[in-house]
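Structural characterization, general
Below are the chains, spelled out letter by letter.
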Amino acid sequence: MPLCRVARRRASWSAGVLAVLLAVPAGAERPVDYRLSFPEPHHRWLQVEVTFPDLPPGPFDARMSRSSPGRYALHEFAKNVIDVAATDGAGRRLPVERTSPHTWRVADHDGLVRLTYRLFGDRVDGTYLAVDTTHAHLNAPATLMWAAGLEHRPARVTLTQPPGRSWTVATQLFPTGDPLSFRAPNLQYLLDSPIEFGEIAIRRFSVPTRPGGPETTIRVAMHHQSTDAELDRFVEATRRIVLAQQAIFGELPDFEPGHFTFIVDALPWAHGDGMEHRNSTVITSPSSLAHVHTALVGTVAHEFFHVWNVERIRPRALEPFDFTDANPSRALWLAEGITSYVDRLSMHRAGVLDLEATLARWSDVVDAVVRGPGRGFRGAAEMSVMAPLVDAARPVDRTNWENTYISYYTFGAAIGLGLDLTLRDRTDGRVTLDDDLRAMWEVHGRPGGEAPGLVARPYSMDDARDRLAEVIGDGDFAADFFARFVEGREVVDYARLLARAGLVLRPRAPDRAWLGDLSLEYTATGARIAAPVAFDTPAYAAGLAQDDELRSVDGVMLDTATRLVDVLDRRVPGERVRVAFKRRSGERVDVEVTLAADPALEIVTLERTGATPDADARRFREAWLSPAGATRQP
Ligand SMILES: [Zn+2]
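Residues numbered from 1 in each chain as written. Predicted model: local features only at pLDDT ≥ 70, side-chain atom pairs only at ≥ 80, totals over all residues. Heavy atoms only, no water.

**Points about helix H19 (residues 615-625)**
Among the residues making up H19, those that are buried are Ala-617, Phe-620, Arg-621, Trp-624 and Leu-625. Angularly, the buried residues of H19 cover 100° about the axis, an arc narrow enough to put them on a single face. Buried residues along H19 sit against helix H7 (332-349), helix H8 (355-371), helix H12 (408-427), helix H16 (494-500), strand S21 (503-507) and strand S30 (601-605). Capping the start of H19, Asp-614 holds a side-chain oxygen 3.2 Å from the backbone nitrogen of Asp-616, two or three residues further along. (Buried < 20%, exposed > 50% of the residue type's maximum accessible area, 1.4 Å probe, protein only. Helix = DSSP H or I, 4+ residues; strand = E, 2+ residues; numbered from the N terminus. Arc of directions from axis to C-beta. Contact = heavy atoms within 4.5 Å. Polar contact = N/O pair within 3.5 Å; in protein donor to acceptor, adjacent residues only side chain to side chain.)

As structure tokens, this is what we get:
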């Protein structure tokens, strides 16, 4: 493995520590030992005791992470830590100094430091942590302090039952003889391992690792308030997704603890989220299974595909993950965006999303990217590297992302669709995106790493381009595709490519008069504009901006009873109307505006337009979208 970013940084400021560590044979040090207890779960905090043994002499720094694997922005997990105290191997109290917002220093010790701290947490999602009387839902970087220099040490995590309760654990940590005690081979694996400890139901199913191969166990650990029948339905849909995605690669990865675990919290106080990990995923939703079945299965499809794409086929910028900083990568259009294309594709192939719903999703994707003004400023690779700016909690200052940004999920999904169709079009279906993904898996994913949690051959953008060149047998094509559609700002000719499958890309409502896709909040006196107004719209040309209040259109006053859509319904594109509005400053404006035609795009089947696809189109569509579309073996 190449010397990692974290290791390089460490070498520059503590070569002495490294020298001492290198003098100790690998594996000779005892594990870092974590003990988590929940004396008052109703008050939503936990107690952590962590013992760092076999330390080199000199100051010892323990730190809380600032970021979490699968998140690309900063989250500052130190904010809820209190009562940090330290003792040495003899149990003597040691002074602790907070030397940075994330770091606690013990200046001197006898080779062992035992830290205790209390941690408040009240957010059920994939990033933070929550403790209450029903569970402890723990994302590891939000929970566990760690020490630079000990990244390769194994760890042990032991949970204590809260008073009077008997909870169950679901985690990708490795089991031990003790059902409440687990281990991790190194820090990367430890911090990638969420823990759900609570009133959960665990369902299991097994699927062949590869056709004719040994069985792999998949577990669904569900913390929910739904019925057993709803849970059964969810587990069955999950099984079908697993099989549809396995067919793309011809095999499942080796899940090192002996199983893969979906940790699902569908609770009224949860926040909607999905977060991939190496051998597990966390899915959270404030709605019950019955209400969000398809959406949750969509999250299953997205997160499970990450066991290949991201967890093992890993962008170089994310390997190893840097817990002390944001983790920007130019490849998120591939890591997240291609995943967002394949999640819906595999749902359709698995029979859990019909063609109409699949096309509706891709309509939104193609519409957002083809028409999005953000594409005028940057391509998918640059959108990817902006993740730390865009993904974090709502910024204090306003942004204009509506005009200058397109999510790398959406942009990448459009590239995935475009690349899949382009490959199928150029080769008459002999080469597909499935082949490209399989090539990425064979070269970058399947070789694995020196230990679970480490990836030996993460890919660069050049690697991704080279794999594409190999599967299509055309280096110029791959270079051109990356230059124009990934680094550049062009989009493929979706209309022509979709036509190959008997699909039509067309304006959804070309006869509808349109002022812009305005986000409006109606009041008794008008409609307040609640988001930035998009460039290249009649509303923008009229001078409208966020916080202005639209008062009347064509003399008709707007209010909670009379909406803009009601007025525009009586107009046609090209008509000129008077628009009256009040700026945020109080200034009143009355202008004449030419109404445009609604430019929103949709993808529909040729059948819906009244025509019939020919045999070629039917074959193309079948090979792409049917379950058999991905059944070739590696
Ligand atoms: Zn994702």
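**Side note on the coordination of the zinc ion**
Bound to the zinc ion are the protein donor atoms His-302 (NE2), His-306 (NE2) and Glu-336 (OE), situated 1.9 to 2.1 Å from the metal. Positions of the donor residues of the zinc ion along the chain correspond to the pattern H-x3-H-x29-E. Note on accessibility: His-302 and His-306 belong to one class, buried. (Donors = N, O, S within 2.8 Å, 3.2 Å for Na, K, Ca; no water.)

**Observations regarding the nonpolar core**
Core analysis: the biggest nonpolar cluster contains 94 residues, and Phe-262, Phe-304 and Trp-624 have the highest contact counts within it. Core analysis: the second largest hydrophobic core is formed by 52 residues, Phe-38, Val-50, Leu-138 and Leu-191 among them. (Core = buried A, V, L, I, M, F, W, Y, C linked by side-chain atoms within 4.5 Å.)

**Notes on the packing of aromatic side chains**
Enumeration according to the criterion identifies 28 aromatic pairs in this entry. Here the aromatic rings of Tyr-341 and Trp-362 are separated by 5.4 Å at their centres, their planes lie at 35°, and the arrangement is tilted. A residue pair is termed long-range when its members are at least 10 positions apart, and Tyr-341 in helix H7 and Trp-362 in helix H8 qualify at 21 residues. Neither Tyr-341 nor Trp-362 differs from the other in exposure class; each is buried. (Phe/Tyr/Trp six-rings, centres within 6.5 Å; stacked < 30°, edge-to-face > 60°.)

**Some details on the packing of H7 against helix H13 (residues 433-445)**
Between two packed helices, what matters for the description is the angle formed by their axes and the separation of those axes. Where H7 meets H13, the closest approach of the two axes is 12 Å, and the angle between their N-to-C directions is 125°. The angle between H7 and H13 places the two elements in the oblique class. The hand of the H7/H13 crossing is left-handed. In this structure, H7 uses Leu-334, Ile-338, Tyr-341, Val-342 and Arg-349 to contact H13, whose residues at the interface are Leu-433, Asp-434, Leu-437 and Met-440. (Axes fitted to C-alpha atoms, helices over the stretch in contact; angles between N-to-C directions. Parallel < 35°, antiparallel > 145°, perpendicular 65-115°, else oblique. Left-handed = near helix turned anticlockwise from the far one by under 90°.)

**Things to note about unusual backbone geometry**
Following Glu-319, the chain continues into Pro-320 via a peptide bond in cis, with omega recorded as -10°. Among the structural elements, Pro-320 can be located in the loop between helix H6 (289-305) and H7. Phi at Glu-76 is positive, roughly 55°, even though this residue is not glycine. Along the chain, Glu-76 turns up in the loop between strand S3 (60-63) and strand S4 (81-87).

**A closer look at the side chain of Thr-143**
Here Thr-143 shows up in helix H3 (residues 140-143). The exposure class of Thr-143 is buried, given its relative accessible area of 1%. Polar contacts involving the side chain of Thr-143 include one to the main-chain carbonyl oxygen of Asn-139, which spans 2.9 Å. With near-sequence residues (within four places) excluded, Thr-143 lies in contact with Leu-46, Val-48, Met-64, Tyr-117, Leu-119, Leu-129 and Leu-138.

**Details of the sheet that holds strand S8 (residues 113-120)**
With mixed pairing, the 8 strands of this open sheet are ordered in space as S5-S4-S8-S2-S1-S11-S14-S13. Of all strands in the sheet, those with a lone pairing partner are strand S5 (93-94) and strand S13 (174-175), marking the two edges. Direction of pairing for strand S11 (residues 155-159) relative to strand S14 (residues 181-184): antiparallel, over a ladder of 4 bridges. Bridge assignment links Arg-156 to a residue of S14, and that residue is Arg-183. (Pairing = 2+ DSSP bridges.)

**As for the pairing of strand S1 (residues 32-37)**
Bridge analysis of S1 against S11 gives 5 bridges, and the strand direction is parallel. The residue of S11 that forms the bridge with Leu-36 is Leu-159. Looking at chain direction, S1 and strand S2 (residues 45-52) are connected through 5 bridges and run antiparallel. When the bridges of S2 are listed, Tyr-34 appears paired with Val-50.

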